[in-house]
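Residue-level structural notes
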Amino acid sequence: MLVINTCRNASRLALRSLNLRSPIAQRTFSAGLALKQKDVVNVTFVRANGDRLKASGKVGDSLLDVVVNNSVDLDGFGACEGTLTCSTCHLIFKTSDYEKLPDKPGDEELDMLDLAYELTDTSRLGCQIILSKDMDGLEVHVPSTINDARAA
Amino acid sequence: MGLNLLSICRRGLHTSPARLQVIQGVAPTKRICIVGAGPAGFYAAQLLLKQLSDCVVDVVEKLPVPFGLVRFGVAPDHPEVKNVINTFTKTAEHPRLRYFGNVSLGTDVSLKELRERYHAVLLTYGADQDRELELENEQQGNVISARKFVAWYNGLPGAENLNPDLNGRDVTIVGQGNVAVDVARMLLSPLDALRVTDTTEYALEALSRSQVERVHLVGRRGPLQAAFTIKELREMLKLPNVDTRWRTDDFSGVDSLVEKLQRPRKRLTELMLKSLKEQGRASGAAGSKQFLPIFLRAPKAINLGEMEFSVTKLQEDYAVATDNTERLPSDLILRSIGYKSSCVDSDINFDTRRGRVHNTEGRVLKDTEKIDPGLYVAGWLGTGPTGVILTTMSGAFAVAKSICDDIAANVLDTSCAKPGYDAADKRVVTWDGWKRIDQFESEAGKAKGKPREKIVSIQEMLKVAGV
């Protein structure tokens, strides 16, 4: 995973420097970027202390993927790696966003959420939320107990 | 660094790197020792390494192999839970972490010595004892602790000779926590489901000859106080060829209370009630086994082939014994009423009654109130044996944060260099040594279609590790 990320970052950097250097390359690459940007979904993770962590993923990624692929600074997030056996990727949605999610949580997800701290009616596990284009700009709240250890 | 400090620091320092640091005026590396390589230890290490860029974390572990209850507690048929090992491995391979396996606090090294050699010591060695029923005949052979049974099927060194007697039809598990349910599931699962797990070979062999047909899961209190979590119950209800049978009487009045419950308790209770309503409908196939949760019964006596319970009634959430009793056929009795920790070094301020270290939010206490600076505790050794991995993780992060805060506030004096553990001339298993064991076990498992075949003998672990 780490290797892939590094490669991705490296190619992004390469793209940027190419854009600066050559107008032709810019045209070619900006077309590519435009296409690519269609699939990019931006997400903001809001910590209990108000910190806003911005990250982006592709359509089809889960919110857990977004955290892992961007090394979003959320300690302990996704301990079971998306296998529905822990609740460390617990996220809280705004009611309007929650209602727009295409799938309702299944029994197994609810079973795990029942063990989470700060459970709300709009809680979900990040590993079960798959990004779609209309989620661009999504803001999710991260329960304090995972990352603001004092509250534990 | 002030001159005064310099001169104090110089005294008694003869090791050159430490001295160099002092002479150069560089703040010395902060050395932190974590005792116990289980989840609490690894999560604390993860946070310390991230927050303190100038620290070295040494993890000492009694066994040659790491991961504590993730390896020796988590049920073999829950491999997903063990994914945390990937994160722990990343932490262990951090350049500022050193792993010393096969080093036992209290025998190989004393707490006093560790405290002299480190700026801070964090105890995370868990809970390796269990609470007893305190009944006559409890020491007889057919009464064993669920903790030992778990250790047996999971290959904890020393547990391999438990030889649980599985020749009888009835097993009674006293206690209804998730450990109790894990044990029930191991006893009732189809063997083929376990053969593809890392259950030890000798346990699979013993389970293949098991005559157990009924497992009673007995709790003192009622369904509304049930200690198992919903995931574990749902798993039991889905187990092939196992018929779960509740007692209708146990649930009298429960229906009317469901709506008022908080969501987790409500969903758990609804699942029990649903299962109760459906029971007997799909009458169990011939030869199916039975899972029998029983509420409102308190252990009273252990007799030959049976166990006697007091019928209880609830007063404010407490179970109070009545004069009525019930006997349950019990060829094997498994006690699962909680773990407790042991005091491995006489310098630990240990609360014998509660089976844990005296502490306030992870800072170890000197006496009843005063904090002993530089000594910390996390995980079950500090909190008592409750909670899921999230609980341990949050707790360990919190204690690690306290260590960082104490260093920042100079509650801990980190101005003098500390040497760390001296592993010279000792049979210490390093992380590379563990990787050799890991590879050996994985390969041995592959041949049998299992994720790993655990080495159970410490001598063999040391041999494979090349120590």
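- As recorded in an unreviewed UniProt entry, chain B goes by NADPH:adrenodoxin oxidoreductase, mitochondrial and comes from Drosophila kikkawai.
- In the Subcellular location (unreviewed entry) part of its UniProt record, chain B is described as follows: "Mitochondrion".
- According to its UniProt record, chain B has this under Sequence similarities (unreviewed entry): "Belongs to the ferredoxin--NADP reductase type 1 family."

- In the annotation of an unreviewed UniProt entry, the entry for chain A reads Adrenodoxin-like protein 2, mitochondrial, and the organism field reads Drosophila kikkawai.
- Here chain A is described in UniProt, under the heading Sequence similarities (unreviewed entry), as follows: "Belongs to the adrenodoxin/putidaredoxin family."

1. Description of the pattern of salt bridges
- Scanning the entire structure with this criterion turns up 53 salt bridges over all chains.
- A salt bridge links D198 of chain B to K82 of chain B, with the nearest nitrogen and oxygen atoms 3.4 Å apart. Residue D198 of chain B is located in the loop between helix 9 (191-195) and helix 10 (201-208), and its partner K82 of chain B is located in the loop between helix 4 (69-72) and helix 5 (84-92); the two are separated by 116 residues in the primary sequence.
- One salt bridge connects R452 of chain B with D438 of chain B, and the closest N-O pair in it is separated by 2.7 Å. Within this pair, whereas R452 of chain B is found in the loop between helix 15 (431-446) and helix 16 (458-465), its partner D438 of chain B is found in helix 15, the two being separated by 14 residues in sequence.
- The class of D438 of chain B is partly exposed, set by a relative accessible area of 23%.
- Salt bridges sharing common partners tie together D107, D111 and D114 of chain A together with R234, R263 and R267 of chain B.

2. Remarks on the pairing of strand 7 (residues 170-174) of chain B
Residue and element names in this part refer to chain B.
- With five of five residues buried, strand 7 is to be regarded as a mostly interior element.
- Taking every second residue as pointing to the same face, both faces of strand 7 are buried, with D170, T172 and V174 on one and V171 and I173 on the other.
- By the bridge criterion, five bridges tie strand 7 to strand 8 (residues 214-218) in an arrangement that is parallel. In the sheet register, V171 faces strand 8, and the bridge partner there is V215.
- Pairing of strand 7 with strand 14 (residues 332-335), which is carried by four bridges, proceeds in the parallel orientation. From the neighbouring strand, V174 faces strand 14, where its bridge partner is R335.

3. Thoughts on the environment of I389 of chain B
- One can find I389 of chain B in helix 14 (residues 389-408).
- In the structure, I389 of chain B is positioned 349 residues away from A40 of chain B in sequence and 8.9 Å away in space, judged by C-alpha atoms.
- Once you skip the residues sitting within four places of it in the chain, I389 of chain B turns out to touch C86 of chain A together with P39, Y43 and V84 of chain B.

4. Describing the interface of chain B and chain A
- Taken together, the contact between chain B and chain A spans 26 residues of the former and 29 residues of the latter.
- Counting each side, the surface lost to burial between chain B and chain A is near 2400 Å², with a carbon and sulfur contribution of 57%.
- On the chain B side of the interface with chain A, the three residues burying the most area are R263, R267 and L390 of chain B, jointly 24% of the side's total.
- The interface formed by chain B and chain A contains nine salt bridges.
- Here R234 of chain B ties to D111 of chain A by a salt bridge, and the two come within 2.5 Å at their closest N and O atoms.
- A total of eight residues in the side of chain B that touches chain A trace back to one element, the largest contributor, which is helix 14 of chain B.
- Its residues assigned to classes, the side of chain B that touches chain A comprises twelve nonpolar, six polar and eight charged.

Rules used in this analysis
Residues numbered from 1 in each chain as written. Chains lettered and ligands numbered in written order. Predicted model: local features only at pLDDT ≥ 70, side-chain atom pairs only at ≥ 80, totals over all residues. Heavy atoms only, no water. UniProt positions renumbered as here; feature names shortened; annotations may be inferred. Salt bridge = Lys/Arg side-chain N within 4 Å of Asp/Glu carboxyl O. Helix = DSSP H or I, 4+ residues; strand = E, 2+ residues; numbered from the N terminus. Buried < 20%, exposed > 50% of the residue type's maximum accessible area, 1.4 Å probe, protein only. Pairing = 2+ DSSP bridges. Contact = heavy atoms within 4.5 Å. Buried area = accessible area lost by both parts, 1.4 Å probe. Nonpolar A, V, L, I, M, F, W, Y, C, P; charged D, E, K, R; others polar.

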